[in-house]
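Residues per chain, in single letters:
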Amino acid sequence: MTSKIDFNDRMLSLGLARVAEQAAIESANWIGRGDEKAADQAAVNAMREQLNQLDIKGVVVIGEGERDEAPMLYIGEEVGNGNGPGVDIALDPLEGTTLTAKDMPNALTVIAMGPRGTMLHAPDVYMDKLAIGPGFAEGVVSLDMSPKERVEALAKAKDCAPSDITVCILERPRHEEIIAEVRATGAAIRLITDGDVAGVMHCAEPHITGIDMYMGSGGAPEGVLAAAALKCMGGQIFGRLLFRNDDERGRAAKAGITDLDKIYTRDEMVTDNVIFAATGVTGGSLLPGIKREVGWLTTETLLMRSKTGSVRRMTYRNPTS
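Residues numbered from 1 in each chain as written. Predicted model: local features only at pLDDT ≥ 70, side-chain atom pairs only at ≥ 80, totals over all residues. Heavy atoms only, no water.

Undergrad: It is not clear to me how the overall build of the chain should be interpreted in this structure. Could you clarify?
TA: Each helix and strand in the chain was counted, giving 10 helices and 14 strands. The globule rule puts the C-alpha radius of gyration for 321 residues at 20 Å, and the 19 Å found for the chain is close to it. By principal-axis analysis of the C-alpha atoms, the chain measures approximately 55 × 50 × 40 Å. Counting only residues that meet the buried cut, the chain has 55% of its 321 residues in that class. The contacts of the chain with a sequence gap of at least 6 include a subset with a gap of at least 24, amounting to 69%. The centroid of the 34 positive side-chain charges in the chain is displaced by 4 Å from the centroid of its 46 negative side-chain charges. (Helix = DSSP H or I, 4+ residues; strand = E, 2+ residues; numbered from the N terminus. Rg over C-alpha atoms; globule rule 2.2 N^0.38 Å. Buried < 20%, exposed > 50% of the residue type's maximum accessible area, 1.4 Å probe, protein only. Contact = heavy atoms within 4.5 Å. Lys, Arg positive; Asp, Glu negative; His and termini not counted. Charge placed at Lys NZ, Arg CZ, Asp CG, Glu CD.)

Undergrad: What's the story with the packing of helix α4 (residues 147–158) against helix α5 (residues 176–184) in this structure? I'm lost.
TA: When two helices pack together, their arrangement is given by the angle between the helix axes and the distance between those axes. Taken N-terminus to C-terminus, the directions of α4 and α5 make an angle of 40°; their axes are 8 Å apart at the nearest point. Classified by the angle their axes make, α4 and α5 are oblique. Once α4 is placed against α5, the crossing between them reads as right-handed. Residues Pro-147, Lys-148 and Val-151 of α4 pack against Ile-178, Glu-181 and Val-182 of α5. A class-by-class count of the residues in the contact of α4 with α5 yields four nonpolar, no polar and two charged. (Axes fitted to C-alpha atoms, helices over the stretch in contact; angles between N-to-C directions. Parallel < 35°, antiparallel > 145°, perpendicular 65-115°, else oblique. Left-handed = near helix turned anticlockwise from the far one by under 90°. Nonpolar A, V, L, I, M, F, W, Y, C, P; charged D, E, K, R; others polar.)

Undergrad: Quick question: what am I supposed to make of the nonpolar core here?
TA: Soluble globular proteins tend to pack their nonpolar side chains together in the buried interior. Within the largest apolar cluster, 49 residues are counted, with the highest numbers of intra-cluster contacts made by Met-201, Met-269 and Phe-276. If near-sequence neighbours (up to four positions away) are discounted, Met-201 is found in contact with Ala-229, Met-233, Phe-276, Leu-286, Leu-302 and Met-304. (Core = buried A, V, L, I, M, F, W, Y, C linked by side-chain atoms within 4.5 Å.)

Undergrad: What exactly am I supposed to notice about the packing of aromatic side chains here?
TA: Where two aromatic rings form a pair, the distance of their centres and the angle of their planes describe that pair. Inspection of the entire model under this criterion finds zero aromatic pairs. Over the face of the ring belonging to Tyr-264 we find Lys-262, whose NZ or CZ atom lies 5.4 Å from the ring centre. Above the plane of the ring of Trp-296 lies Arg-317, whose end atom (NZ or CZ) is 3.9 Å from the centre. (Phe/Tyr/Trp six-rings, centres within 6.5 Å; stacked < 30°, edge-to-face > 60°. Lys NZ or Arg CZ within 6 Å of the ring centre and 35° of its normal.)

Undergrad: What's the story with the packing of helix α1 (residues 9–27) against helix α2 (residues 36–51) in this structure? I'm lost.
TA: As a packed pair, α1 and α2 sit with axes 8 Å apart at the nearest point and diverge in direction by 150°. The angle between α1 and α2 places the two elements in the roughly antiparallel class. The way α1 lies across α2 gives a crossing that is right-handed. The segment α1 lies against α2, with Arg-18, Val-19, Ala-20, Gln-22, Ala-23, Glu-26 and Ser-27 engaging Ala-39, Ala-42, Ala-43, Ala-46, Met-47, Gln-50 and Leu-51.

Undergrad: It is not clear to me how the pairing of strand β4 (residues 108–115) should be interpreted in this structure. Could you clarify?
TA: Every other side chain in a regular strand lies on the same face of the sheet, so the side chains alternate between the two faces. The element β4 is largely enclosed, with a buried count of eight among its eight residues. In this structure, strand β3 (residues 86–95) lies alongside β4, joined through seven bridges in antiparallel fashion. Its bridge partner lying in β4, Val-87 is registered against Pro-115. With six bridges joining them, β4 and strand β11 (residues 275–280) adopt antiparallel strand pairing. Paired with Met-113 across the bridge in β11 is Ile-275. (Pairing = 2+ DSSP bridges.)

Undergrad: Please explain the sheet that holds strand β10 (residues 263–265) as it appears in this structure.
TA: Strand-to-strand pairing in sheets goes through backbone hydrogen bonds, with the strands running parallel or antiparallel. Strand order in the open sheet formed by six strands is β7-β6-β8-β5-β9-β10, and the pairing between neighbours is mixed. Edge positions in the sheet fall to β7 (188–192) and β10, since each has one partner strand and no second. If you compare each strand with its neighbour and ignore which way they point, the axes differ by 20° on average. Relative to strand β8 (residues 213–219), strand β5 (residues 126–132) is paired through seven bridges, and the arrangement is antiparallel. Bridged to Asp-128 within β8 is Ser-217. Where helix α8 (residues 220–233) meets the sheet, its contacts fall on β5, β8 and β9 (236–242), and the angle it forms with β5 comes to roughly 20°.

Everything listed is a geometric property; what it means functionally is a separate question.
Quick look at the structure:
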């Protein structure tokens, strides 16, 4: 019987950066071309090919959808060459397919990896999310608070006025009441059209992004990816699954979730050390986009390890000929 192979995050991190980089490079051909599906497929193909070169026994726990919905990188798919540790993988080969197709800011390729069995198997349903950056006491804000109470509590913790707080919210009709309530406090709102993993990550670097808090509902799988990012960057995220019908409740049961009202913390969504990589596809406040020159493509990747708290920004200049 073979012994368990340890999850060597240091050795695997550079390989994970290459996975994110290659997905970004392949999707770059579709920036501004108006074809979301082609952009996403290019990223999926590249990410899967790179993952299968890594020394891991990987299982996709957050991916492109259920097996019958996605031919590649579906939930439960085994990836890697089988010669390494068992790992959970959460990924979004192209977070912001619409952003890429329209050449709008903040499209990223995103992937996280941790030891096997350490990431929440979030079903493909909505999740109510709330996130703030590092440096605050646990529970300074909560999902049980109203949007107004959250803004006021964070302002008090920061020793500033509510008008000094900026909240990031996904621009959707379902958020109209939240937006109105936040604005009534005097706080500013940065509305984003897509890409709520990036939206949550903005909270971790308020001195760079100007964002103090993220709130609103979005995809539950993206919530787990965002939790992985904050596990590395610092900060708090809370998530509660939202169900619209029995089919969605059935998806939760299939994923082994029994408490449908549970509020998950960051460390309940990602229970052990994790590595996280994101590469900019279109330019944004987190990462610059892919830069084209004659004969060259240049990417920038954010590579992070929760074990050490290290955050690397890696520039990769890749010849195209």
